[in-house]
Amino acid sequence: MENNEVKLSELLQIRRDKLAELQANNMDPFKITKYNRTHTSKQIKDLYAQLEGTHVSVAGRIMSKRGMGKVGFCHIADVDGQIQLFVKKDVLGEDAYALFKKYDIGDIVGAEGEVFTTQMGEISIKVEKLTLLSKSLLPLPEKFHGLTDTDLRYRQRYVDLIMNENVKNTFILRSKIIRSIRSYLDNLGFLEVDTPMLNTIPGGASARPFITHHNTLNIEMYLRIATELHLKRLIVGGFEKVYEMGRIFRNEGMDIRHNPEFTTIEIYQAYADYHDIMDLTENLIRHVAQEVLGSLKINYQGVEIDLSRFERITMIDAIKKYAGIDFNEIKTDEEAQSAAKSLNIEFDKAKSSRGDIINLIFEEKVEGQLVQPTFITDYPVEVSPLAKRKPDAPELTERFELFITSREIGNAFSELNDPIDQRARFKRQVEMRNAGDEEANMMDEDFLTALEYGMPPTGGLGIGIDRLVMLLTDSYSIRDVLLFPTMKPIQTNPEDLK
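Below is a summary of the structure that appears in this document. (Residues numbered from 1 in each chain as written. Predicted model: local features only at pLDDT ≥ 70, side-chain atom pairs only at ≥ 80, totals over all residues. Heavy atoms only, no water.)

**Details of the sheet that holds strand 11 (residues 261-270)**
- Sheet architecture is open: 8 strands sit in the order 6-10-11-20-19-18-15-14, paired in mixed fashion. Lying at the two open borders of the sheet, with one neighbouring strand each, are strand 6 (191-192) and strand 14 (311-314).
- Bridge count for strand 14 against strand 15 (residues 374-377) is 4 bridges, and the pairing is parallel. The residue of strand 15 that forms the bridge with Glu-311 is Thr-374.
- Contacting strand 6, strand 10 (241-249) and strand 11, helix 8 (residues 165-187) crosses the sheet at an angle of about 155° to strand 10. (Pairing = 2+ DSSP bridges. Helix = DSSP H or I, 4+ residues; strand = E, 2+ residues; numbered from the N terminus. Contact = heavy atoms within 4.5 Å. Axes fitted to C-alpha atoms, helices over the stretch in contact; angles between N-to-C directions.)

**Brief notes about the environment of Arg-257**
- Its location among the elements puts Arg-257 in the loop between strand 10 and strand 11.
- As a C-alpha pair, Arg-257 and Lys-135 span 122 residues in sequence and 38 Å in three-dimensional space.
- If we skip the residues at most four places from it in the chain, Arg-257 touches Ser-406, Arg-407, Arg-467 and Ile-478.
- A distance of 3.2 Å separates a polar atom in the side chain of Arg-257 from the backbone oxygen of Ser-406. (Polar contact = N/O pair within 3.5 Å; in protein donor to acceptor, adjacent residues only side chain to side chain.)

**Section: the nonpolar core**
- Core analysis: the biggest nonpolar cluster contains 41 residues, and Ile-181, Leu-185, Ile-265, Ile-267, Leu-307 and Leu-472 have the highest contact counts within it.
- In terms of residues, this core owes the most to one element, helix 10 (residues 274-293), which gives 9 residues.
- One finds Ile-319, Tyr-379, Leu-396 and Phe-403 within the second-largest nonpolar core, a separate group that totals 26 residues. (Core = buried A, V, L, I, M, F, W, Y, C linked by side-chain atoms within 4.5 Å. Buried < 20%, exposed > 50% of the residue type's maximum accessible area, 1.4 Å probe, protein only.)

**Thoughts on the environment of Ser-308**
- Tracing the sequence through the fold places Ser-308 in the loop between strand 13 (303-306) and strand 14.
- With relative accessibility at 33%, the residue Ser-308 sits in the partly exposed group.
- With 100 residues separating them in the primary sequence, Ser-308 and Arg-208 have C-alpha atoms 36 Å apart.
- Apart from residues lying up to four places away in sequence, Ser-308 is in contact with Arg-286 and Leu-296.
- Polar contacts involving the side chain of Ser-308 include one to the side chain of Asp-306, which spans 2.5 Å.

**Concerning helix 16 (residues 465-473)**
- With respect to burial, helix 16 is a largely interior element, 9 of its 9 residues being buried.
- Those residues of helix 16 that fall on the buried side of the exposure criterion are Ile-465, Asp-466, Arg-467, Leu-468, Val-469, Met-470, Leu-471, Leu-472 and Thr-473.
- At the C-terminal side of helix 16, Asp-474 shows a positive phi close to 55°.

**Considering helix 9 (residues 228-237)**
- Where helix 9 is concerned, the buried positions are Glu-228, Leu-229, Leu-231, Lys-232, Arg-233 and Ile-235.
- Residues of helix 9 that are buried in the fold lie against strand 10, strand 11, strand 19 (407-414), helix 15 (445-453) and strand 20 (458-464).
- At the exit of helix 9 stands Gly-238, carrying a positive phi of roughly 120°.

**Here's the deal with the sheet that holds strand 3 (residues 81-88)**
- In spatial order, the strands read 1-2-3-5-4; together these 5 strands close into a barrel with mixed pairing. Averaged over all pairs of adjacent strands, the angle between strand axes in this sheet comes to 55°, irrespective of strand direction.
- Across the sheet, helix 5 (residues 94-102) lies against strand 1 (55-67), strand 2 (71-78), strand 3 and strand 5 (123-134), angled at about 60° from strand 2, the strand it touches most.

**Points about the pairing of strand 13**
- Bridge count between strand 12 (residues 297-300) and strand 13: 4 bridges; the pairing is antiparallel. From the neighbouring strand, Tyr-300 faces strand 13, where its bridge partner is Val-303.
- Where strand 12 hands over to strand 13, the hairpin turn is made up of 2 residues, of which Gln-301 adopts a positive phi near 50°.

**Quick word on the packing of helix 11 (residues 315-323) against helix 13 (residues 354-365)**
- For the pair helix 11 and helix 13, the least separation of the axes is 10 Å and the interaxial angle reads 50°. When the axis of helix 11 is compared with that of helix 13, the two are oblique. Crossing hand, helix 11 versus helix 13: left-handed. Packed against helix 11, whose contacting residues are Met-315, Ile-316, Ile-319, Tyr-322 and Ala-323, the element helix 13 presents Arg-354, Ile-358, Asn-359, Ile-361, Phe-362 and Lys-365 at the interface. (Parallel < 35°, antiparallel > 145°, perpendicular 65-115°, else oblique. Left-handed = near helix turned anticlockwise from the far one by under 90°.)

**Some thoughts on the pattern of salt bridges**
- Enumeration over the complete set of coordinates arrives at 30 salt bridges.
- Between Lys-232 and Glu-228 there is a salt bridge, and its shortest N-O distance comes to 2.8 Å. A residue pair is termed a helical-turn pair when its members lie 3 or 4 positions apart in one helix, as Lys-232 and Glu-228 do in helix 9 at 4 residues.
- Accessibility expressed as a relative area gives 0% for Lys-232, which makes it buried.
- For the salt bridge of Arg-233 with Asp-444, the shortest nitrogen-to-oxygen distance reads 3.2 Å. One end of the pair, Arg-233, is in helix 9; the other, Asp-444, is in the loop between helix 14 (419-434) and helix 15, and 211 residues separate them in sequence.
- Owing to a relative accessible area of 7%, Asp-444 belongs among the buried residues under this scheme. (Salt bridge = Lys/Arg side-chain N within 4 Å of Asp/Glu carboxyl O.)

**Re the side chain of Glu-244**
- Along the chain, Glu-244 falls in strand 10.
- Under the relative-accessibility criterion, Glu-244 is labelled buried at 3%.
- Side-chain polar atoms of Glu-244 contact the side chain of Thr-195, separated by 2.5 Å.
- Separated by 3.0 Å, the side chains of Glu-244 and Arg-224 make a polar contact.

**Side note on the packing of aromatic side chains**
- If you walk through the whole model with that rule in mind, you get 9 aromatic pairs.
- Relative to Phe-86, the ring of Phe-73 lies with its centre 5.3 Å away and its plane at 55°, an arrangement referred to as tilted. One end of the pair, Phe-73, is in strand 2; the other, Phe-86, is in strand 3, and 13 residues separate them in sequence.
- Look at Phe-73 and you get buried, because its relative accessible area is 18%.
- You can call Phe-86 buried: its relative accessible area is 14%.
- Where Phe-362 meets Phe-403, the ring centres are 5.5 Å apart and the plane angle is 65°; that geometry is what we call edge-to-face. You can see Phe-362 sitting in helix 13 and its partner Phe-403 sitting in strand 18 (residues 399-404), a full 41 residues away along the chain. For the pair shown, Phe-362 and Phe-403 are each scored as buried.
- Among the aromatic residues, those joined into a ring-pair cluster are Phe-73, Phe-86 and Phe-116.
- Sitting above the plane of the Phe-73 ring, Arg-66 keeps its charged end 4.3 Å from the centroid.
- The cationic tip of Lys-126 hangs over the ring face of Phe-116; the distance from NZ or CZ to the ring centre is 5.0 Å. (Phe/Tyr/Trp six-rings, centres within 6.5 Å; stacked < 30°, edge-to-face > 60°. Lys NZ or Arg CZ within 6 Å of the ring centre and 35° of its normal.)

This is the structure in structure tokens:
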């Protein structure tokens, strides 16, 4: 181990010595402020028929080197891929070639020369001028080739992106997915808006918030757990179609589906109900998949998902289908509790009403079965404090959640616009909070005031952008679609990169 550490230390010192030599000879790469390139690697390959024999300039990171007699080859990587540089001593010049021989893998260079094809048939650039643009003082770690250390990949995403083309492609797709969503909604007349991230009351969802302190006001504030209540205020104010895409913060556990900060989009449409929003959700996801991936049949972790078909089923019918319990025949809290016990499902006494038990059995016995796109509709009122009751079944709400690959992708309501009912539901949430439920809602008097001015019938939707991106990029963990996921801090030093 000590010999390895000595060897590593020597390698690091050699790179620093090379930099010092360049600086001593007035060739400090870090003093270069810009570089004019004419093409990317992909453009040169795509336009080769027109560019053959043409003088171009490219720039990128050295990923490999070979040769080094009087002729050397190296591949440089830019945002679009890689291209080979053909470096010949009698073309580049003796002094410049000697410098090139000292360049390390990881260095960033600019190259000017003629586009041609080598005898091996590879499109390349015959280099006439080579400029060192940035010196890499740390060698690129070989272990990244095998993707064996996922923890290191997430912590040092910059190295992950350098070494793994598929990772870079995932985040390019993420950007395209987000752009496609925005474009689709904009074309339907929705207005994108921004609402506060710092709130005096954490509302719009059942979640544990992050708490901070505002020094000037001397008050506690909360990072937002949802954008819902502010967006519905805008519906009250007269905007009829609004959406916001942005970061949400929840002080909760971390696993392959959850990160403390994540991206959602919430969409609200006046004079619409949850059936309209279901149609919108289905059409939106289909549009994005078709535009970005070119198909409605996608592969996720070895399973084909058909986005051309979305099942719609009530929560009670889904429980009957997958768990064999018919809540149409179960009318009391006691009967519901007995049903849970018959399935060996434990429940909290504070959440033991019929509606709570329905939701609990669904989570335990049904969610895992919902692999293909499925809308689960008509949730109990106890677990839907912001959704409108069904007129013919007031113990239920006009709410749906979309599940794909057994994961919740979206959540939507016919929004509750009755301020009296909303106050009563907030009161129940406050009672739950006082009993120790840190995820329960607080009383939001200003939101109730907004409702008292009158909010039209409205449909609302929230979609987890990260989970949708996971689905469309075949990514196993949410950390695979977050450039910088939350990680527990550790002490690091340059050797951790090797």
